[in-house]
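Structural characterization, general
Residues per chain, in single letters:
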Amino acid sequence: MLACVFSGSSSWKRVMHALNSKGKVPVVHFKNLSSSSWGSFKTMDHLSKEAVTERLDRYFKFMFVRNPADRIAAVYSHKFTDFPESRPFKRKFGPIILRKESSRQVPYLDKEEYELKDDPTYEGRHVSMDDFARYLGHVSVSKMNEHWMPAYQLCQPCSVQYDFVGRFEDLPQSADAVLEYRQLSNTVTYPQQTMFYRSPPMQHNDALSLLAQLVPLVRHKLFLIYGYDFAIFSYHVPSMQL
């Protein structure tokens, strides 16, 4: 199978790891997976054009998408607020965002220096939703991190003919449909979100409340960045006062 997954990606990592073990190791065994866990799977980056074409023709291909407005808000909430799992992102991207989007002077620091600094700004703890939204508006889409890169750029649905396109909003039912279609439902099951995470997924109304805090011009530009995702995957752009 070929997968392009950013919504529910951690759960799919666990499913893929379990499938690699041919069901001998249950999904619940893979509780703590780092952001680099995809590295243990094969990608097509190193393949020739002919080899890529052959796999795209022969393999079952699926992807999962999420309402772009919910995705943007959830990424900010889970990567730049007070979630324990967010610290690596705050340390990696926080200083970059703050340096670009505010007048605060945030120097480049190595790991040891991070540990010694008392000012929480050094670890990106003070990244606001406004900082993050403005940062997205200044970064080339092709150079974005996969967690917030628009789906049309990350998964290339206009170039790849996917066999299945699921929605985050329908998980885990859509995930079960993929496994059943591939006759894998007796080997592995898609895990419930509550098995691994301390908090439930951000709800649509909560996402809208967070995005409503942005000034209209910034919010409008943000929706334009993800405009193709709204259109291609039939999501409605939130009706907010501009």
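Here, every reference points to the structure presented above.
A quick note: this is a predicted structure, and the numbers were derived from the prediction, not measured. (Residues numbered from 1 in each chain as written. Predicted model: local features only at pLDDT ≥ 70, side-chain atom pairs only at ≥ 80, totals over all residues. Heavy atoms only, no water.)

Spatial strand order, 1-2-3: three strands in an open sheet with parallel pairing. The open sheet has two free edges, formed respectively by strand 1 (2–5) and strand 3 (164–167), since each of these has just one partner strand. For this sheet, the mean angle separating the axes of adjacent strands, direction not counted, is 15 degrees. Where strand 2 (residues 61–65) lies against strand 3, four bridges are found, and the strand directions are parallel. (Pairing = 2+ DSSP bridges. Helix = DSSP H or I, 4+ residues; strand = E, 2+ residues; numbered from the N terminus. Axes fitted to C-alpha atoms, helices over the stretch in contact; angles between N-to-C directions.)

All buried positions along helix 9 (residues 204–211) are accounted for by Ala207, Leu210 and Leu211. Buried residues along helix 9 cover an arc of 95 degrees about the axis, so they all sit on one side. Buried-residue contacts for helix 9 involve helix 3 (68–80), helix 6 (129–138) and helix 10 (216–225). (Buried < 20%, exposed > 50% of the residue type's maximum accessible area, 1.4 Å probe, protein only. Arc of directions from axis to C-beta. Contact = heavy atoms within 4.5 Å.)

Okay, the pattern of salt bridges next. Counting across every chain of the model gives four salt bridges. With a closest N to O distance of 3.5 Å, Asp163 and Lys61 form a salt bridge. Taken together, the residues span a long stretch of sequence, with Asp163 in the loop between helix 7 (151–154) and strand 3 and Lys61 in strand 2 at a distance of 102 residues. By relative accessible area, which is 45% here, Asp163 ends up partly exposed. The salt bridge partner of Asp130 is Arg134, with a shortest N-O separation of 2.8 Å. A residue pair is termed a helical-turn pair when its members lie 3 or 4 positions apart in one helix, as Asp130 and Arg134 do in helix 6 at four residues. Relative accessible area serves as the criterion here: at 25%, Asp130 is assigned to the partly exposed category. (Salt bridge = Lys/Arg side-chain N within 4 Å of Asp/Glu carboxyl O.)

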